[in-house]
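What follows is the residue order along each chain.
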Amino acid sequence: MMMTNDWADRWLGGFCTVGALGGQPVRGPDYAAHPPLAQLLALPPVVNTRPTKLSAARAAWSDALGGAPVALLASVERARALLLRALGVLPGEPVGLPANATRALAQAVKQHPAVPRFLDLHADLTLCVDDTRLAGVRLVWAQPCGGAWGATAPDSRALLVDASDTLPALNLEEGGQAATATIYGLQLGTDPRHAGALVVCHDATLALALAALTGPDDQPDGALALAQLRRLAGPDGLAARQQDALAAVRDGLAQAAGLPLLEPAPGVLAQHVALYVPEPCDAATFYAYVLGEQTPVRWLPALRPLHYAALREDGAPQVAATAAHLARVLLVPVGPAYSEEERKHAILGITKAADYLGVRWATDPARAAWYADLMTAWYGPDHDAYQPRFALAAHAHLDLHPFRTGG
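Quantities reported herein were computed from a predicted structural model and do not represent experimental measurements. Starting from 1, residues in each chain are numbered consecutively following that chain's sequence as written. Local features in this predicted model are restricted to residues whose pLDDT is 70 or higher, and side-chain atom pairs enter the listing and the counts only when it is 80 or higher, whereas totals over whole chains, interfaces and linings include all residues. Calculation of side-chain values draws on the structure's entire complement of heavy atoms; hydrogens and water are dropped beforehand.

(A) Looking closely at helix 5 (residues 204–213). Exposed residues in this analysis have more than 50% of their type's maximum accessible area, buried residues have under 20%, and partly exposed residues fall in between, with area computed by a 1.4 Å probe over protein chains only. A run of DSSP states H or I qualifies as a helix once it reaches four residues; a run of E qualifies as a strand once it reaches two. Both are numbered from the N-terminal end. All buried positions along helix 5 are accounted for by Leu206, Ala207 and Leu210. The buried residues of helix 5 occupy an angular sector of 100° when the element is viewed end-on, so they sit on one face. Turned more than 90 degrees away from the buried face of helix 5 sit Thr205, Leu208 and Ala212, all of them exposed. Any pair of residues with heavy atoms lying within 4.5 Å of one another is described as a contacting pair. Lining the buried residues of helix 5 we find strand 1 (70–73), helix 2 (76–86), strand 6 (181–185) and strand 7 (197–201). In the analysis that follows, any N or O atom pair within 3.5 Å is treated as a polar contact, provided that within protein one partner can donate a hydrogen and the other can accept it, and provided that, for residues neighboring in sequence, both atoms belong to side chains. Two or three places before Thr205, at the opening of helix 5, Asp203 has a side-chain oxygen 3.1 Å from that residue's backbone nitrogen. The arc under discussion is defined with respect to the helix axis, by the directions toward the C-beta atoms.

Dropping the structure here:
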């Protein structure tokens, strides 16, 4: 059940020194926490499974996704290759990829053979679809990192969403299915050649085209594909429990830390809540402070850095802006079995760093001003508690779209 804490008023009045500066951290180094979703994606060993026709597994997945046309394939690599063929991408044709696309995705495009055309990212990680490098591009391929990505509408171009590092959220009706197709990893095992892939299509025509290209060696184990769905679905399934935990952590971060939060990709089961460290705070310092609290956190450039070829393309100076955006994104891992204490740790470590570094409630300048005045009233004008490092009057009129501050 989602927590109903009043996060906004839970931690007021300053903190003990942050762990990075020798203070008492939020949790000890030997704290035994439940695993985050990233460690739970793989299907546990399944025994005594009945042979299942792939058509039955495919129908079950389609039903779970509101009737969306789907394809089940043996691997993500094969799914990428078949989608390029099914969409009629010509040899030598440019395909738009994010500047931080993985090597595996870039290689899939090159082996088609097509030509990767690397695109810049906005601060919310959406693709710059007005980029001049989109000239001649019919297909744009987005790649969220564990679900951290906002929806992009690439005009009349086809859009593929490569969410192969996670599973579907089973709530496409909430986020819509704007993409031409979305690839998910079925996570059926450790061998990527047989770990399976789920392709959710915008219409039946593409699904039929994929089916026509699929051979016997391109098919996953139907019984395992069905077992993963059963593990994921239902009111007590992996998807529902993860979404509950994500909503609780997101709500707490929005209220207590007041930092810009990035939208998750529609229909994707996110592994973490993504936040953006605002100016003028140094993102590396913020990251170090959170680590000092023994709070789990990942730095996006370490997980999904710029592809080296993106720096060689025309317009490389603009890629520097994309690199700066990536450097300001931190990912707070969340797991479906997180206790209230573990959710509190995830929120408090971020809040503590934001308070010390003067960017707490950057999305709520009025509250930041109130809190700063409260600290002065409590501790006097020479206190070393919260002092905002952004211009409150100027920020009061900023439009922080597309960031959300709500859960």
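(B) Layout of unusual backbone geometry. A cis geometry characterises the amide bond from His112 onward to Pro113, with omega recorded as 10°. Structurally, Pro113 can be placed in the loop between helix 3 (103–111) and strand 3 (115–119). Cis geometry marks the peptide bond from Glu279 to Pro280; its omega dihedral reads 0°. The residue Pro280 is located in the loop between strand 8 (272–276) and helix 8 (283–292) in this model. The phi dihedral of Gln294 falls on the positive side, at around 60°, and the residue is not glycine. Tracing the backbone shows Gln294 in the loop between helix 8 and strand 9 (298–299).

(C) Just empty space enclosed by the protein, in detail. Points on a 1 Å grid over protein atoms alone make up a cavity when a 1.4 Å probe fits among them but cannot get out, and a pocket when they form an open set with protein on both sides within 12 Å along at least five of seven lines; lining residues each have an atom within 4 Å of a point. Grid points are joined across faces, edges and corners, and a volume is the space filled by probe spheres set on the points. For the structure shown, the criterion picks out 1 cavity of 30 Å³ or more. Considering the residues around the largest cavity, the lining is formed by 13 residues, among which Asn100, Leu125, Gln143, Pro144 and Ala148 are closest to the centre. Three classes are used: nonpolar for Ala, Val, Leu, Ile, Met, Phe, Trp, Tyr, Cys and Pro, charged for Asp, Glu, Lys and Arg, and polar for all others, with Gly counted as polar. The residue makeup of the lining of the largest cavity, split by class, is 10 nonpolar, 2 polar and 1 charged.

(D) Geometry of the confidence of the model for the protein chain. Summarising the model, the protein chain shows a mean pLDDT of 89, and 91% of its residues fall at 70 or more. One confidence number per residue, pLDDT, is output by the predictor and ranges from 0 to 100. Taken as a whole, residues 394–407 scores under 50 in pLDDT and shows 25 contacts with residues more than four places along the chain or in a different chain.

(E) Fine view of the side chain of Glu293. Considering the arrangement of structural elements, one finds Glu293 in the loop between helix 8 and strand 9. You can call Glu293 buried: its relative accessible area is 0%. Only 2.4 Å separates the side chain of Glu293 from the backbone nitrogen of Gly19, close enough to count as a polar contact. Not counting chain neighbours up to four residues away, the residues in contact with Glu293 comprise Val18, Gly19, Ala20, Gln24, Pro25, Val26, Arg27, Gly349 and Lys352.

(F) Structural view of the nonpolar core. For our purposes a nonpolar core is just a set of buried Ala, Val, Leu, Ile, Met, Phe, Trp, Tyr and Cys residues, chained together by side-chain atoms within 4.5 Å. In terms of nonpolar packing, the biggest core is built from 51 residues, with Trp61, Leu65, Leu72, Leu198, Leu232 and Val329 touching the most fellow members. Of all the elements, helix 6 (residues 222–232) adds the most residues to this core, at 5 residues. Within the second largest apolar cluster, 35 residues are counted, among which are Phe15, Val249, Val290 and Val359.

(G) Just the packing of aromatic side chains, in detail. Stacked, edge-to-face and tilted are the three classes for Phe, Tyr and Trp ring pairs, Trp counted by its six-membered ring, which pair at centre distances within 6.5 Å; planes under 30 degrees apart are stacked, over 60 edge-to-face, the rest tilted. Within the structure shown, the criterion is met by 6 aromatic pairs. Ring plane angle 40° and centroid distance 5.5 Å describe the contact between Trp7 and Trp11, whose orientation is recorded as tilted. Taken together, the ring pairs connect Trp361, Trp370, Tyr371 and Tyr386 into an aromatic cluster. Lysine and arginine charges are scored as sitting over a ring when NZ or CZ, respectively, is within 6 Å of the ring centre and within 35 degrees of the ring normal. Over the aromatic face of Trp361 sits the side chain of Arg360, whose NZ or CZ is 4.1 Å from the ring centroid. Against the face of Trp361 rests Arg367, its NZ or CZ located 4.5 Å from the ring centre.

(H) Structural detail: the sheet that holds strand 10 (residues 329–333). Strand pairing is defined by DSSP finding a minimum of two bridges between the two strands. As summarised here, the arrangement of the 3 strands in space is 8-10-9, forming an open sheet in which the pairing is antiparallel. Since the sheet does not close on itself, it has two edges, and those belong to strand 8 and strand 9, each with one partner. Across 2 bridges, strand 9 lies against strand 10 in antiparallel orientation. Pairing of Arg298 across the sheet is with Leu331, part of strand 10.

(I) Expanded view of the layout of surface pockets. What the second largest pocket holds in volume is close to 460 Å³. Forming the walls of the second largest pocket are 23 residues, and the residues nearest its centre are Val76, Ser164, Pro192, Ala195 and Gly196. The element contributing the most residues to the lining of the second largest pocket is helix 2, with 4 residues.

(J) Expanded view of the packing of helix 1 (residues 54–64) against helix 6. Contact pair helix 1 / helix 6: the axes reach a minimum separation of 8 Å and the direction vectors enclose 25°. If you check the angle between helix 1 and helix 6, you find them roughly parallel. Regarding helix 1 and helix 6, the two cross each other, and that crossing is left-handed. Note on element contacts: helix 6 touches helix 1 through Gly222, Ala225, Leu226, Gln228, Leu229 and Leu232, opposite Leu54, Ala57, Ala60, Trp61 and Ala64. Looking at the contact of helix 1 with helix 6 residue by residue, the classes come out as 9 nonpolar, 2 polar and no charged. Each axis is a line fitted through C-alpha atoms, and for a helix only the stretch in contact is used; angles between axes span 0 to 180 degrees, taken between their N-to-C directions. In what follows, roughly perpendicular refers to angles from 65 to 115 degrees, roughly parallel to angles under 35, roughly antiparallel to angles over 145, and oblique to any angle outside these ranges. By the definition used in this description, the sense in which the near helix is turned from the far one sets the handedness, with an anticlockwise turn below a right angle giving left-handed and a clockwise turn giving right-handed.

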